[in-house]
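Observations on the three-dimensional arrangement
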Amino acid sequence: MVSPSAAGHGKPAYRRVLLKLSGEALMGEDAYGINREVLARIVGEIRQVAAAGVQLAIVIGGGNIFRGVAAGARGMDRATADYMGMLATVMNSLSLQDALRQAGVPAVVLTALAMDVVAEPYSRRAALDHLEAGRVVIFGAGTGNPFFTTDTAASLRGAEIAADIVLKATKVDGVYTKDPMRFPDASRYDVLTYDEALEKRLAVMDATALALCREQNMQLRVFSINAAGSLVRIVQGGNEGTLVRRGD
């Protein structure tokens, strides 16, 4: 890993990064679905990161699609609804892969649910081989198991590929003491420990995802994907959003 002091010279601060991208981040100001302008901007930043030689893996959520069918899922068996959500993440993964390839960025989708016609089945070895070959790896279908969130999938995949850091891209520019959309007096944390986040039940990730990051001593940075250039700046060592790490 390169020292963050190299950020001013445009050199990457990390060799391998796991980016958690929420489905909602793809909506922009739309009610659901994928906003093409937002997708193009995100792809542009991913392209810059990949061009800098950073190995980038992505876990993507499905809220932008599943939100449109969530009403119909009410009363369903929880496992069935979760599988529907996993399929939504695969749709987003394929869309992102297509946009990246059109931008000249090699990308591959690996899914935790078998669907060989549209994507490769997930394996750790395949993921590492693709990363070493310079391809952006997009993980679809979460962990492949119901009752686990895509946040947990991001922590799990980040640990499996030995990522230097997990970057959680959201609509909010970090972790706050309380909901900044509802409370104007909310203050943002610059640095936070996993223990603090768990004890205070802060809206960072679910407890399982946080605990896994803590156990693997894997740093997490929460930032706003809506801030133009934020992903590139962070990969270069920029201090944006909130850094979550172990306290020891």
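Right above here is the structure, for reference.
Not measured: the values here are computed from a predicted model.

Calculation notes
Residues numbered from 1 in each chain as written. Predicted model: local features only at pLDDT ≥ 70, side-chain atom pairs only at ≥ 80, totals over all residues. Heavy atoms only, no water. Helix = DSSP H or I, 4+ residues; strand = E, 2+ residues; numbered from the N terminus. Rg over C-alpha atoms; globule rule 2.2 N^0.38 Å. Buried < 20%, exposed > 50% of the residue type's maximum accessible area, 1.4 Å probe, protein only. Contact = heavy atoms within 4.5 Å. Areas by Shrake-Rupley, 256 points an atom, 1.4 Å probe, with all protein chains shown as cover. Lys, Arg positive; Asp, Glu negative; His and termini not counted. Charge placed at Lys NZ, Arg CZ, Asp CG, Glu CD. Core = buried A, V, L, I, M, F, W, Y, C linked by side-chain atoms within 4.5 Å. Pairing = 2+ DSSP bridges. Axes fitted to C-alpha atoms, helices over the stretch in contact; angles between N-to-C directions. Polar contact = N/O pair within 3.5 Å; in protein donor to acceptor, adjacent residues only side chain to side chain. Parallel < 35°, antiparallel > 145°, perpendicular 65-115°, else oblique. Left-handed = near helix turned anticlockwise from the far one by under 90°. Nonpolar A, V, L, I, M, F, W, Y, C, P; charged D, E, K, R; others polar. Salt bridge = Lys/Arg side-chain N within 4 Å of Asp/Glu carboxyl O.

**Here's the deal with the overall build of the protein chain**
A count of helical and extended segments in the protein chain gives nine helices and nine strands. In terms of overall dimensions, the protein chain is globule-like: its C-alpha atoms have a radius of gyration of 17 Å, near the 18 Å expected for 248 residues. Taken along its principal axes, the extent of the C-alpha atoms in the protein chain is 45 × 40 × 35 Å. Among the 248 residues that make up the protein chain, the fraction classed as buried is 51%. Contacts in the protein chain between residues far apart in sequence, at least 24 positions, make up 72% of those at least 6 positions apart. Within the structure as shown, the protein chain displays about 11,600 Å² of accessible surface, and the carbon and sulfur contribution to it stands at 51%. Side chains of the protein chain give 27 positive and 26 negative charges; the mean places of these two sets differ by 2 Å.

**Some remarks on the nonpolar core**
Ranked by size, the top nonpolar core spans 37 residues in total, and within it Leu 21, Ile 46, Leu 96, Leu 100 and Leu 167 carry the most contacts. Every element with two or more residues in this core is listed here: strand E1 (16-21), helix H1 (36-51), strand E2 (55-60), helix H4 (78-102), strand E3 (107-111), strand E5 (136-140), strand E6 (165-170) and helix H9 (230-235). A per-element tally of this core places H1 first, with six residues. The residues touching Leu 96, leaving out its near neighbours within four places in the chain, are Leu 39, Val 43, Ile 46, Ile 58, Ile 60 and Ile 138.

**Comments concerning the sheet that holds E3**
Neighbouring strands of a sheet are bound in pairs by backbone hydrogen bonds; such pairs are parallel or else antiparallel. One open sheet accounts for nine strands, arranged E4-E3-E5-E2-E1-E6-E8-E9-E7; its pairing is mixed. Of all strands in the sheet, those bounded by a partner on one side alone are strand E4 (120-121) and strand E7 (191-193). The sheet contacts of H4 involve E2, E3 and E5, and relative to E5 the element is tilted by about 165°.

**Focus: helix H6 (residues 150-160)**
Along an α-helix, residues three or four apart share an orientation, since each turn contains 3.6 residues. Along H6, the residues classified as buried are Asp 151, Thr 152, Ala 153, Ala 154, Ser 155, Arg 157 and Gly 158. At the N-terminal boundary of H6, the capping side chain belongs to Thr 149, with an oxygen 3.3 Å from the backbone nitrogen of Asp 151. A positive backbone phi angle near 55° is found at Ala 162, which sits one or two residues after H6.

**Some points on the pairing of strand E9 (residues 242-245)**
Strand direction decides the pairing type here: E7 and E9, joined by three bridges, are parallel. By the bridge assignment for E9, Val 191 is matched with Leu 243.

**Concerning the packing of H6 against helix H8 (residues 207-215)**
It is the contact of H6 with H8, at a shortest axis distance of 8 Å, that shows an interaxial angle of 15°. One finds that H6 runs roughly parallel with respect to H8. Viewed along their axes, H6 and H8 form a crossing whose handedness is left-handed. Together, Asp 151, Thr 152, Ser 155 and Leu 156 of H6 and Thr 208, Ala 209, Leu 212 and Cys 213 of H8 make up the contact between the two elements. For the contact of H6 with H8, the per-class residue count stands at four nonpolar, three polar and one charged.

**Some words on the pattern of salt bridges**
Within the structure shown, the criterion is met by 13 salt bridges. A salt bridge links Lys 178 to Asp 185; the nearest nitrogen and oxygen atoms lie 3.1 Å apart. Residue classification places Lys 178 among the partly exposed positions, given a relative accessible area of 36%. The salt bridge involving Arg 214 is made with Asp 195; its shortest N-O contact spans 2.6 Å. Residue Arg 214 is located in helix H8, and its partner Asp 195 is located in helix H7 (residues 194-199); the two are separated by 19 residues in the primary sequence. A relative accessible area of 27% means that Arg 214 is categorised as partly exposed. Residue class for Asp 195 comes out partly exposed when judged on its relative accessible area of 36%. Shared partners join several salt bridges into a network, and the residues in it are Arg 15, Arg 16 and Glu 132.

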